[in-house]
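Listed below, chain by chain, are the residues.
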Amino acid sequence: MNITKPFKRVILTEFFLPLTLLTIGIYHGLMQVIYRAGIIHQNSFAGLNYYQGLTLHGVINALVLTTFFAVAFGHVTISHYLKKEPPRLAYSSSLWLMLLGTVMDAYAMLTGKAQALYTFYAPLKDSPVFYIGTALLIIGSWVAFFGWIKTYIKWKKENPDTKMPLAILGTFVNFTIWVVCTVPAAYSTLILLTPWAAGWVERVNVPLTRMLFWMFGHALVYFWLLPAYIMYYTILPKLAGGKLYSENAGRLAFLLFLILSVPVGVHHQFSEPVFTPGTKLFMAILTFGVALPSFMTAFTIAASLEHAGRKKGARGWLGWMLHLPYFRSDNFLFGYLICGMILFIFGGLSGIVNASYSLNAMVHNTAWIPGHFHMTVAGPVFLSIIGMSLLLYGKLSGKPIQFKLLATIVPYMWMLGMVFFSHGLMAGGLMGEPRRTNLGMTYTNPDSPLFNQHWVPTTTSTLIGGIIMSVAALLYFISFFATAFGKKTQPAVLELPESEPLHPEKPVAILTNLKPWLAVMGVLILFAYIPALNSVFKYSVPVKGQYQIDSPVPENPKPAQKAKQTKSDQHTNAKDHAKAERSLSRVTNLVVLRASSPTSLDEPLLSARLQDTF
Amino acid sequence: MNKYEARIILLAGSTLCIFLFALLYNAFSRKIDVPSCVPFNKSFEHPSLKQVDDKTYELYLVAQMWSFTPDEIKVPAGSTVDLYLSSKDVVHGFNIVDKAVNLMAVPGAINKTTLHFDKPGVYRIVCHEYCGVGHQNMLGKILVQ
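Rules behind the numbers
- Residues numbered from 1 in each chain as written.
- Chains lettered and ligands numbered in written order.
- Predicted model: local features only at pLDDT ≥ 70, side-chain atom pairs only at ≥ 80, totals over all residues.
- Helix = DSSP H or I, 4+ residues; strand = E, 2+ residues; numbered from the N terminus.
- Rg over C-alpha atoms; globule rule 2.2 N^0.38 Å.
- Buried ≥ 20, exposed ≤ 12 C-beta atoms within 10 Å, placed from the backbone.
- Contact = placed C-beta atoms within 7 Å.
- Expected span 1.5 Å × (residues − 1).
- Pairing = 2+ DSSP bridges.
- Domains from an automatic or database assignment.
- UniProt positions renumbered as here; feature names shortened; annotations may be inferred.
- Axes fitted to C-alpha atoms, helices over the stretch in contact; angles between N-to-C directions.
- Nonpolar A, V, L, I, M, F, W, Y, C, P; charged D, E, K, R; others polar.
- Parallel < 35°, antiparallel > 145°, perpendicular 65-115°, else oblique.
- Left-handed = near helix turned anticlockwise from the far one by under 90°.
- Core = buried A, V, L, I, M, F, W, Y, C linked by C-beta atoms within 7 Å.
- Bend = angle between axes of the 7 residues up to and from the residue.

### Examining the overall build of chain A
- Assigned secondary structure in chain A consists of 19 helices and 2 strands.
- The globule rule puts the C-alpha radius of gyration for 614 residues at 25 Å, and the 25 Å found for chain A is close to it.
- A principal-axis box enclosing the C-alpha atoms of chain A has dimensions of 75 × 55 × 50 Å.
- Within chain A, buried positions represent 54% of all 614 residues.
- Considering only contacts in chain A between residues 6 or more positions apart, those separated by 24 or more positions represent 85%.

### Concerning helix 6 (residues 206-234) of chain A
- Given a rise of 1.5 Å per residue, 29 residues ought to cover 42 Å, and the 42 Å separating the end C-alpha atoms of helix 6 of chain A matches this to within 8%.
- Most of helix 6 of chain A sits out of view: 27 of its 29 residues are buried.

### Digging into the pairing of strand 3 (residues 56-64) of chain B
Residue and element names in this part refer to chain B.
- Relative to strand 3, strand 2 (residues 48-53) runs antiparallel, the two being bridged by 5 bridges. Among the inter-strand pairings, Leu49 is bridged to a residue of strand 3, identified as Leu59.
- The loop that links strand 2 with its antiparallel partner strand 3 comprises 2 residues.
- Judged from the 8 bridges that link them, strand 3 and strand 6 (residues 79-87) form a sheet pairing that is parallel. Paired with Glu58 across the two strands is Asp82, which belongs to strand 6.
- One ladder, built from 3 bridges, connects strand 3 with strand 4 (residues 67-69); its direction is antiparallel. Bridge pairing in strand 4 places Val62 opposite Thr69.

### Let's talk about the domain arrangement of chain A
- Its domain assignment divides chain A into domain 1 (7-549) and domain 2 (564-614).
- The distance between the C-alpha centroids of domain 1 of chain A and domain 2 of chain A comes to 39 Å.

### Considering the UniProt feature "domain: Cytochrome oxidase subunit II copper A binding" (unreviewed entry) in chain B
- UniProt feature "domain: Cytochrome oxidase subunit II copper A binding" (unreviewed entry): in the numbering of this structure it lies at residues 52-145 of chain B.
- Here residues 52-145 of chain B runs as 0% helix and 61% strand, with 18 Å between its end C-alpha atoms.

### Observations regarding the sheet that holds strand 5 (residues 72-75) of chain B
All names here are of chain B.
- The 5 strands are arranged 5-11-10-7-8 in an open sheet whose pairing can be described as mixed. Either end of the sheet is taken by a strand with one partner, and the two such strands are strand 5 and strand 8 (101-105). This sheet shows a mean twist of 20° between the axes of neighbouring strands, independent of strand direction.
- As paired elements, strand 5 and strand 11 (residues 139-144) share 4 bridges and run parallel to each other. The residue bridging Ile73 from the neighbouring strand is Ile142, located in strand 11.

### Things to note about the interface of chain B and chain A
- Facing 53 residues of chain B, the contacting portion of chain A comprises 66 residues.
- When residues of the side of chain B that touches chain A are traced back to their parent elements, those giving at least two are helix 1 (3-28), strand 1 (36-38), strand 7 (92-96), strand 8 and strand 9 (110-117) of chain B.
- Per-element tally for the side of chain B that touches chain A: the top contributor is helix 1 of chain B, with 11 residues.
- Looking at the side of chain B that touches chain A residue by residue, the classes come out as 31 nonpolar, 16 polar and 6 charged.

### Structural notes on the UniProt feature "domain: Cytochrome oxidase subunit I profile" (unreviewed entry) in chain A
- Here the UniProt feature "domain: Cytochrome oxidase subunit I profile" (unreviewed entry) sits at residues 25-483 of chain A.
- Secondary structure across residues 25-483 of chain A divides into 70% helix and 1% strand, with the first and last C-alpha atoms of the span separated by 21 Å.

### A look at the environment of Phe451 of chain A
Residues and elements named next belong to chain A.
- Mapped onto the fold, Phe451 is located in the loop between helix 13 (404-430) and helix 14 (455-484).
- Judged by the 14 C-beta atoms lying within 10 Å of it, Phe451 falls in the partly exposed class.
- Put simply, Phe451 and Thr300 are 151 residues apart on the chain and 48 Å apart in space, counted from C-alpha to C-alpha.
- Residue contacts for Phe451: discarding those within four places in its chain leaves Tyr443, Asn445 and Pro446.

### Focus on the packing of helix 12 (residues 377-397) of chain A against helix 13 of chain A
All names here are of chain A.
- The geometry of helix 12 relative to helix 13 is characterised by a closest axis approach of 11 Å and an angle of 165° between their N-to-C directions. By the angle class used here, helix 12 and helix 13 are roughly antiparallel. Between helix 12 and helix 13 lies a crossing of right-handed hand. On helix 13, the residues that touch Ala378, Gly379, Leu383, Gly387 and Leu390 of helix 12 are Ala407, Pro411, Trp414 and Met418.
- Residue composition of the contact of helix 12 with helix 13, grouped by class: 7 nonpolar, 2 polar and no charged.

### Brief notes about the nonpolar core
Residue and element names in this part refer to chain A.
- Formed by 229 residues in total, the largest nonpolar core has its most connected members in Val173, Ile177, Phe223, Tyr232, Phe257 and Leu337.
- With 21 residues, helix 6 is the largest single contributor of residues to this core.
- Once you skip the residues sitting within four places of it in the chain, Phe223 turns out to touch Ala70, Asn174, Ile177 and Trp178.

### So, the pairing of strand 9 of chain B
Residues and elements named next belong to chain B.
- Pairing geometry for strand 1 and strand 9, over 3 bridges, is antiparallel. Bridging across to strand 9, Cys37 finds its partner in Asn111.
- Bridge count for strand 6 against strand 9 is 7 bridges, and the pairing is antiparallel. In the sheet register, Ser79 faces strand 9, and the bridge partner there is Phe117.

### Considerations on helix 16 (residues 515-539) of chain A
Residues and elements named next belong to chain A.
- Over its 25 residues, helix 16 runs 36 Å from end to end, which matches the ideal 36 Å to within 8%, given 1.5 Å per residue.
- Along helix 16, the helix axis deviates most sharply at Tyr529, where the bend reaches about 25°; the proline Pro531 sits within four residues downstream.
- The set of residues buried in helix 16 consists of Met521, Ile525, Ala528, Tyr529, Ala532, Ser535, Val536 and Tyr539.

### Some remarks on unusual backbone geometry
- Of note, the amide linkage connecting Met65 of chain B to Trp66 of chain B takes the cis form, showing an omega dihedral of -5°.
- Inspection of the secondary structure assignment puts Trp66 of chain B in the loop between strand 3 and strand 4.
- Going from Thr69 of chain B to Pro70 of chain B, the amide bond is cis rather than trans, its omega being -10°.
- In this structure, Pro70 of chain B sits in the loop between strand 4 and strand 5.
- Unusually for a residue other than glycine, Val274 of chain A sits at a positive phi of about 85°.
- Within the element layout of this structure, Val274 of chain A appears in the loop between helix 8 (247-260) and helix 9 (277-311).
- Of the residues examined, Val274 of chain A has 31 C-beta atoms within 10 Å and is grouped as buried.
- Located in the positive-phi region is Tyr357 of chain A, a residue other than glycine, with phi close to 50°.
- Take Tyr357 of chain A: it is sitting in the loop between helix 10 (332-355) and helix 11 (368-374).
- Accessibility expressed as a C-beta count within 10 Å gives 27 for Tyr357 of chain A, which makes it buried.

Structure, rendered in structure tokens:
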């Protein structure tokens, strides 16, 4: 269909902006594998330190890119299937809010005011700018959803007998999960952390903020994943030259995600105090439940692909796998979706390991975890996002896609890189290699007394994979930006490939009514989180003190009134004093380290280590 | 829903049930469980190793930026150690490499688990939660003699 100019501009911005920021995100991904493999034994490189880079990598790739894409793809899906544009007020204000939030986050991260990673665990402190920015980004995405609801209600009035298209159901399920799960995150950032970071409140309950974060944090991964699932059900069979094996299976899968995505967050916290083993076990079981729709999807999509392969003359049990349109530049999106799916088989299976309650103790917070989630978020999620962004950008702007050949090989190359990358991380993780750690400073630095030679081969494998992936990303950027800065030669259109169902299915009443599912969702969340919340207040206390990443001495914020009375020059003095105190404490800590270090170390080696640290 | 779909749901469901049975069996019969809850009390934040009897110890371990106290713990082989882990400042991690002991040290809460050391050797403790610029130096040791 044809679309109006402002709507087109909004969608194109929502593709272009996050992909531009992604260059920073990918750069820091590459830097991390270099640090971790012990190539660089430094705190920082090119002005940004390891943990600042890690924060940028996490926030840009996992929050900004995914949220912008979910909104842009939602706009396209809604207007393609309902043949209507959402209200202008909704889509414009949504973009402005997300833009403002992103600018605030980027400012806080690039100036070093937010270096507590994308999980922003208190009592490490980020600037309030970061907390508010993140909240604005999220609220902006809500506004887009509210617009779609209005559009859908209007459509339903005009088409009372047509059932909700599968892609629309997927989008609505996804954003319902999103709105529900972001409420605890918004509460945590706006009500608990912002006043605390601003110094108005002295204490913060750390286990409470962590519980709220993971209530959001796990549903977040489904928010990333469901746009990819929508593509698997409604687009991939068409691209493969076949038909969707069963539409009802797709509906059931989405509805199972709706009820099971939120009440599973504690499975990220099996190793933590505060929650009882009962709560942890309950969420482990629900997490197994949420694996079921993924198993179903694997079957339905494989069956659809098999149908496509057989139509092209494939024989035998597995012959269909060879008869799919790989490496075809006129159908490049197929490669992005199929490579993502292949990676997701391993991402999903390793996820079941993580979810397995006590088995999680083998892998919790080790490098295994990023090994696992890069095969989900940097597998199906990332590949479907960049592939679909390129396709839609070309169509919506009317600009032909440049360097199509490069764009075609990107997903295969990315998948190859991921094999080395994830294998290295997972193998290292099983040998205790920690995640989120600048290993190059100590553990993979042969000059350090902390050196561990077992982690050298694994981090090297990760490095090789990371380099291949970065090259793939570079090729993608060449194609995307050449397209974006190219000339318009075709009329702009908004359209999506649409797969038909293989056989007509009777509508099942329970799969067309969202209400009972929403009720079950609410009940499960209450059952899961009331005991969890109860434990938080029973077993933990709020603590004082805010910490910057570079000092073990807490910053004690002055009460607001005092700060007002202080004149500017005195204020500076106070600041200097605090700074001096902190550097003193660093020295003290140095002495402590010296005193408590393993005894058999050479003195020069030790001081080298200490110099490295500070 | 056709017969293949019904079969795949059944198959996936039974696979997950087998996994579930395995973890229940480990938790209840072999006592391999997740850490348990202890109500917060300031007294847990004093680092010490107490010998309860011949082979039983209580270890009060405190994590802080960027060290564990005590950071070198000596116990005889065959001993059982009740570990109470707390944090003085930010969130830290506690992973005994190759031992599947994996805990978080969260300020304002006490983590508790029981360790068994049968084989003599040096067990490294690595902090695996980001805790500031010195995170990669945060290491401890358990010497089992």
